[in-house]
Amino acid sequence: MVKILIIEDEVKIARFLELELKHEGYEVCMAHNGREGLKMALETDVSLILLDLMLPELNGIEVCRRLRMESEVPVIMLTARDQTMDKVMGLDIGADDYITKPFAIEELLARIRNVLKRKVVQPPVGESLSMGELSLDKQQHSVTFKEERLELTKREFDLLSYLMENQNIVLTRDKLLEKVWGYDYMGDTNIVDVYIRYLRSKIDEKYGIKHIHTIRGVGYLFKYE
Ligand code: CA
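Residues numbered from 1 in each chain as written. Predicted model: local features only at pLDDT ≥ 70, side-chain atom pairs only at ≥ 80, totals over all residues. Heavy atoms only, no water.

Enquirer: Where do I start with the coordination of the calcium ion in this structure?
Expert: Ideal coordination angles are 109.5 degrees for a metal with four donors arranged tetrahedrally and 90 or 180 degrees for a metal with six donors arranged octahedrally. Distances from the calcium ion to its protein donors, namely Asp9 (OD), Asp52 (OD) and Met54 (O), fall within the range 2.1 to 2.3 Å. In the primary sequence, the donor residues of the calcium ion line up as D-x42-D-x1-M. Taken together, the residues aspartate 9 in the loop between strand S1 (3-7) and helix H1 (11-23) and aspartate 52 in strand S3 (residues 48-52) connect sequence positions 43 residues apart. (Donors = N, O, S within 2.8 Å, 3.2 Å for Na, K, Ca; no water. Helix = DSSP H or I, 4+ residues; strand = E, 2+ residues; numbered from the N terminus.)

Right, dumping it as C-alpha coordinates:
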(Lines give C-alpha, C1' and ligand atoms only; values in the text may rest on other atoms or scores of the structure.)
Protein backbone atom coordinates (compact mmCIF):
# COMPACT_ATOMS: atom_id res chain seq x y z
CA MET A 1 0.00 0.00 0.00
CA VAL A 2 1.26 3.45 -0.87
CA LYS A 3 1.71 5.54 2.25
CA ILE A 4 1.86 9.32 2.04
CA LEU A 5 3.17 11.59 4.77
CA ILE A 6 1.58 15.03 4.95
CA ILE A 7 3.69 17.67 6.70
CA GLU A 8 1.41 20.68 7.00
CA ASP A 9 0.73 22.96 9.93
CA GLU A 10 -2.61 24.31 8.72
CA VAL A 11 -4.95 21.78 10.22
CA LYS A 12 -7.76 22.47 7.76
CA ILE A 13 -5.55 21.83 4.74
CA ALA A 14 -3.99 18.78 6.35
CA ARG A 15 -7.41 17.31 7.11
CA PHE A 16 -8.66 18.01 3.62
CA LEU A 17 -5.61 16.33 2.08
CA GLU A 18 -5.95 13.38 4.40
CA LEU A 19 -9.57 12.78 3.39
CA GLU A 20 -8.90 13.16 -0.32
CA LEU A 21 -5.86 10.89 -0.29
CA LYS A 22 -7.63 8.23 1.74
CA HIS A 23 -10.51 8.44 -0.68
CA GLU A 24 -8.01 7.70 -3.47
CA GLY A 25 -6.88 4.60 -1.61
CA TYR A 26 -3.65 5.91 -0.14
CA GLU A 27 -2.61 5.33 3.43
CA VAL A 28 -1.92 8.62 5.18
CA CYS A 29 0.08 9.85 8.15
CA MET A 30 0.49 13.45 9.26
CA ALA A 31 2.82 15.80 11.05
CA HIS A 32 2.04 19.42 11.91
CA ASN A 33 5.50 20.89 12.27
CA GLY A 34 8.83 20.48 10.52
CA ARG A 35 10.70 18.71 13.28
CA GLU A 36 8.02 16.10 13.84
CA GLY A 37 7.64 15.72 10.06
CA LEU A 38 11.33 15.07 9.51
CA LYS A 39 11.37 12.52 12.31
CA MET A 40 8.39 10.68 10.83
CA ALA A 41 9.87 10.84 7.35
CA LEU A 42 13.05 9.18 8.55
CA GLU A 43 11.47 6.64 10.86
CA THR A 44 8.39 5.61 8.91
CA ASP A 45 8.39 3.75 5.64
CA VAL A 46 6.55 6.24 3.44
CA SER A 47 6.28 6.27 -0.35
CA LEU A 48 5.89 10.02 -0.79
CA ILE A 49 5.87 13.22 1.24
CA LEU A 50 3.71 16.31 0.79
CA LEU A 51 5.76 19.04 2.38
CA ASP A 52 4.47 22.49 3.22
CA LEU A 53 7.16 25.17 3.08
CA MET A 54 6.09 27.51 5.86
CA LEU A 55 6.25 25.28 8.90
CA PRO A 56 6.90 25.96 12.57
CA GLU A 57 10.09 24.67 14.22
CA LEU A 58 11.82 23.62 11.01
CA ASN A 59 10.79 25.07 7.65
CA GLY A 60 10.08 22.93 4.60
CA ILE A 61 13.38 23.75 2.87
CA GLU A 62 15.33 22.67 5.92
CA VAL A 63 13.25 19.50 6.28
CA CYS A 64 13.91 18.62 2.64
CA ARG A 65 17.62 19.37 2.91
CA ARG A 66 18.08 17.17 5.98
CA LEU A 67 15.87 14.46 4.55
CA ARG A 68 17.94 14.25 1.36
CA MET A 69 21.07 13.44 3.36
CA GLU A 70 19.49 10.11 4.23
CA SER A 71 16.57 9.41 1.97
CA GLU A 72 15.48 9.47 -1.65
CA VAL A 73 11.77 9.37 -0.85
CA PRO A 74 9.81 11.54 -3.33
CA VAL A 75 8.84 15.00 -2.06
CA ILE A 76 6.19 17.33 -3.45
CA MET A 77 6.34 20.82 -1.92
CA LEU A 78 3.22 22.79 -1.15
CA THR A 79 4.04 26.44 -1.67
CA ALA A 80 2.29 29.78 -1.56
CA ARG A 81 2.06 31.92 -4.65
CA ASP A 82 4.77 34.36 -3.60
CA GLN A 83 7.43 31.79 -2.74
CA THR A 84 9.16 31.50 -6.09
CA MET A 85 12.64 31.57 -4.63
CA ASP A 86 11.74 28.88 -2.15
CA LYS A 87 10.38 26.69 -4.94
CA VAL A 88 13.61 26.99 -6.86
CA MET A 89 15.63 26.28 -3.75
CA GLY A 90 13.42 23.33 -2.90
CA LEU A 91 13.93 21.76 -6.31
CA ASP A 92 17.65 22.47 -6.06
CA ILE A 93 17.96 20.59 -2.82
CA GLY A 94 16.09 17.60 -4.10
CA ALA A 95 12.33 18.06 -3.98
CA ASP A 96 10.71 16.25 -6.90
CA ASP A 97 7.91 18.66 -7.67
CA TYR A 98 5.88 21.48 -6.18
CA ILE A 99 2.32 22.70 -6.33
CA THR A 100 1.15 26.21 -5.56
CA LYS A 101 -1.67 26.83 -3.10
CA PRO A 102 -4.54 27.07 -3.65
CA PHE A 103 -4.56 24.05 -5.94
CA ALA A 104 -7.18 21.78 -7.43
CA ILE A 105 -7.03 18.39 -5.75
CA GLU A 106 -7.10 16.66 -9.16
CA GLU A 107 -3.88 18.41 -10.08
CA LEU A 108 -2.18 17.33 -6.89
CA LEU A 109 -3.36 13.75 -7.37
CA ALA A 110 -1.98 13.75 -10.91
CA ARG A 111 1.37 15.03 -9.67
CA ILE A 112 1.46 12.39 -6.96
CA ARG A 113 0.84 9.64 -9.50
CA ASN A 114 3.52 11.09 -11.75
CA VAL A 115 6.19 11.37 -9.10
CA LEU A 116 5.48 7.86 -7.84
CA LYS A 117 5.73 6.49 -11.36
CA ARG A 118 8.98 8.31 -12.06
CA LYS A 119 10.61 6.88 -8.97
CA VAL A 120 9.58 3.32 -9.73
CA VAL A 121 10.71 3.43 -13.35
CA GLN A 122 14.35 4.20 -12.53
CA PRO A 123 16.39 1.23 -13.70
CA PRO A 124 19.39 -0.05 -11.75
CA VAL A 125 22.60 1.86 -12.33
CA GLY A 126 25.36 0.40 -14.43
CA GLU A 127 23.20 -1.21 -17.09
CA SER A 128 21.46 1.92 -18.21
CA LEU A 129 22.32 5.25 -19.72
CA SER A 130 20.13 8.30 -19.65
CA MET A 131 19.88 11.87 -20.73
CA GLY A 132 16.88 13.97 -19.80
CA GLU A 133 13.86 11.80 -20.45
CA LEU A 134 15.74 9.45 -22.72
CA SER A 135 16.96 6.16 -21.26
CA LEU A 136 18.79 3.27 -22.77
CA ASP A 137 18.96 -0.12 -21.09
CA LYS A 138 21.80 -2.25 -22.38
CA GLN A 139 20.70 -5.49 -20.82
CA GLN A 140 17.14 -5.27 -22.02
CA HIS A 141 18.26 -3.72 -25.28
CA SER A 142 15.58 -1.09 -25.00
CA VAL A 143 15.34 2.65 -25.41
CA THR A 144 12.56 4.73 -23.92
CA PHE A 145 11.57 8.37 -23.99
CA LYS A 146 9.49 9.20 -20.94
CA GLU A 147 7.76 5.86 -20.87
CA GLU A 148 7.36 5.32 -24.56
CA ARG A 149 9.46 2.57 -26.05
CA LEU A 150 11.40 3.43 -29.20
CA GLU A 151 11.80 1.04 -32.10
CA LEU A 152 15.45 1.07 -33.14
CA THR A 153 17.40 -1.26 -35.40
CA LYS A 154 20.47 -2.97 -33.96
CA ARG A 155 22.83 -0.51 -35.63
CA GLU A 156 20.82 2.49 -34.46
CA PHE A 157 20.84 1.08 -30.96
CA ASP A 158 24.61 0.54 -31.02
CA LEU A 159 25.23 4.03 -32.33
CA LEU A 160 22.95 5.65 -29.77
CA SER A 161 24.50 3.57 -27.02
CA TYR A 162 28.01 4.71 -27.99
CA LEU A 163 26.91 8.35 -28.23
CA MET A 164 25.28 8.18 -24.80
CA GLU A 165 28.30 6.52 -23.24
CA ASN A 166 30.43 9.35 -24.54
CA GLN A 167 28.07 12.23 -23.93
CA ASN A 168 29.61 15.70 -23.94
CA ILE A 169 32.56 14.45 -25.99
CA VAL A 170 32.96 15.37 -29.66
CA LEU A 171 33.19 12.19 -31.73
CA THR A 172 34.59 12.11 -35.25
CA ARG A 173 32.92 10.14 -38.02
CA ASP A 174 35.97 7.87 -38.17
CA LYS A 175 35.77 7.16 -34.49
CA LEU A 176 32.07 6.34 -34.70
CA LEU A 177 32.64 4.14 -37.72
CA GLU A 178 35.38 2.26 -35.94
CA LYS A 179 33.49 1.83 -32.68
CA VAL A 180 30.03 1.11 -34.00
CA TRP A 181 30.64 -0.56 -37.34
CA GLY A 182 34.03 -2.07 -36.60
CA TYR A 183 37.43 -1.93 -38.29
CA ASP A 184 36.41 -4.18 -41.11
CA TYR A 185 33.69 -1.95 -42.41
CA MET A 186 34.64 -1.10 -45.98
CA GLY A 187 32.24 1.73 -46.73
CA ASP A 188 32.84 5.42 -46.26
CA THR A 189 31.89 7.61 -43.34
CA ASN A 190 28.68 8.77 -45.02
CA ILE A 191 27.00 5.81 -43.41
CA VAL A 192 27.49 7.56 -40.06
CA ASP A 193 25.60 10.61 -41.30
CA VAL A 194 22.82 8.41 -42.56
CA TYR A 195 22.39 6.71 -39.20
CA ILE A 196 22.64 9.98 -37.31
CA ARG A 197 19.76 11.16 -39.49
CA TYR A 198 17.72 8.09 -38.54
CA LEU A 199 18.33 8.68 -34.86
CA ARG A 200 17.46 12.36 -35.16
CA SER A 201 14.16 11.60 -36.78
CA LYS A 202 13.33 8.92 -34.21
CA ILE A 203 14.41 10.96 -31.17
CA ASP A 204 15.22 14.66 -31.56
CA GLU A 205 12.63 15.52 -34.18
CA LYS A 206 9.98 13.22 -32.84
CA TYR A 207 10.13 14.63 -29.31
CA GLY A 208 11.19 18.18 -30.07
CA ILE A 209 14.50 17.92 -28.24
CA LYS A 210 18.10 18.39 -29.26
CA HIS A 211 20.58 15.81 -28.03
CA ILE A 212 22.49 15.10 -31.23
CA HIS A 213 24.62 18.04 -32.30
CA THR A 214 26.63 18.37 -35.50
CA ILE A 215 30.09 19.78 -35.05
CA ARG A 216 30.88 21.06 -38.52
CA GLY A 217 33.94 19.57 -40.11
CA VAL A 218 34.50 17.25 -37.16
CA GLY A 219 31.64 14.96 -36.29
CA TYR A 220 28.96 14.71 -33.64
CA LEU A 221 28.31 15.53 -30.05
CA PHE A 222 25.67 14.06 -27.80
CA LYS A 223 24.68 16.47 -25.10
CA TYR A 224 21.67 17.74 -23.23
CA GLU A 225 20.15 20.96 -24.52
CA1 CA B 1 2.20 26.45 6.55
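Enquirer: Teacher, can you tell me more about the packing of helix H2 (residues 34-43) against helix H3 (residues 60-68) here?
Expert: Each pair of packed helices can be described by the angle between their axes along with the distance between the axes. Between H2 and H3, the shortest axis-to-axis distance is 10 Å and the interhelical angle comes to 25°. In terms of their interaxial angle, H2 and H3 are classed as roughly parallel. Remark: the crossing between H2 and H3 carries right-handed chirality. Two secondary-structure elements touch here, H2 through Gly34, Arg35, Leu38, Ala41 and Leu42 and H3 through Val63, Arg66 and Leu67. A per-class count over the contact of H2 with H3 returns five nonpolar, one polar and two charged. (Axes fitted to C-alpha atoms, helices over the stretch in contact; angles between N-to-C directions. Parallel < 35°, antiparallel > 145°, perpendicular 65-115°, else oblique. Left-handed = near helix turned anticlockwise from the far one by under 90°. Contact = heavy atoms within 4.5 Å. Nonpolar A, V, L, I, M, F, W, Y, C, P; charged D, E, K, R; others polar.)

Enquirer: Is there a simple way to explain the environment of phenylalanine 16 in this structure?
Expert: Looking at the element boundaries, phenylalanine 16 is found in helix H1. For phenylalanine 16, a relative accessible area of 37% translates into the label partly exposed. When the C-alpha positions of phenylalanine 16 and isoleucine 105 are compared, they lie 9.5 Å apart, and in sequence the two are 89 residues distant. (Buried < 20%, exposed > 50% of the residue type's maximum accessible area, 1.4 Å probe, protein only.)

Enquirer: Even after reading the chapter, I still don't get the sheet that holds strand S4 (residues 75-79), so can you show me in this structure?
Expert: Here five strands make up an open sheet; going across it, the order is S2-S1-S3-S4-S5 and the pairing parallel. Two strands close off the open sheet at either side, each with one partner strand: strand S2 (27-31) and strand S5 (97-100). Averaged over all pairs of adjacent strands, the angle between strand axes in this sheet comes to 20°, irrespective of strand direction. The pairing of S4 with S5 spans four bridges and is classified as parallel. Among the inter-strand pairings, threonine 79 is bridged to a residue of S5, identified as threonine 100. H2 contacts S1, S2 and S3 of the sheet and is inclined by roughly 140° relative to S2. Strands S1, S3 and S4 of the sheet are contacted by H3, whose axis makes an angle of about 150° with S3. (Pairing = 2+ DSSP bridges.)

Enquirer: Explain unusual backbone geometry here, please?
Expert: It is generally the case that most residues other than glycine have a negative phi and that most peptide bonds are trans. A cis amide bond, omega -5°, links lysine 101 with the succeeding residue proline 102. Summarising the element assignment, proline 102 is placed in the loop between S5 and helix H5 (105-121). We note that histidine 141 has phi near 55°; this positive angle belongs to a residue other than glycine. Even without being a glycine, lysine 146 presents a positive backbone phi close to 55°.

Enquirer: Before we go on, may I ask you to explain the sheet that holds strand S12 (residues 219-222) in this structure?
Expert: Picture the strands of a sheet paired through backbone hydrogen bonds; they go either parallel or antiparallel. What the three strands build is an open sheet, ordered S10-S12-S11; its pairing is antiparallel. Each edge of the open sheet carries a strand with a single partner, namely strand S10 (170-172) and strand S11 (212-215). Here the strands of the sheet are splayed against their neighbours by 35° on average, with no regard to which way each runs. Bridge count between S10 and S12: three bridges; the pairing is antiparallel.

Note that all results are geometric; they support no functional claim without further evidence.
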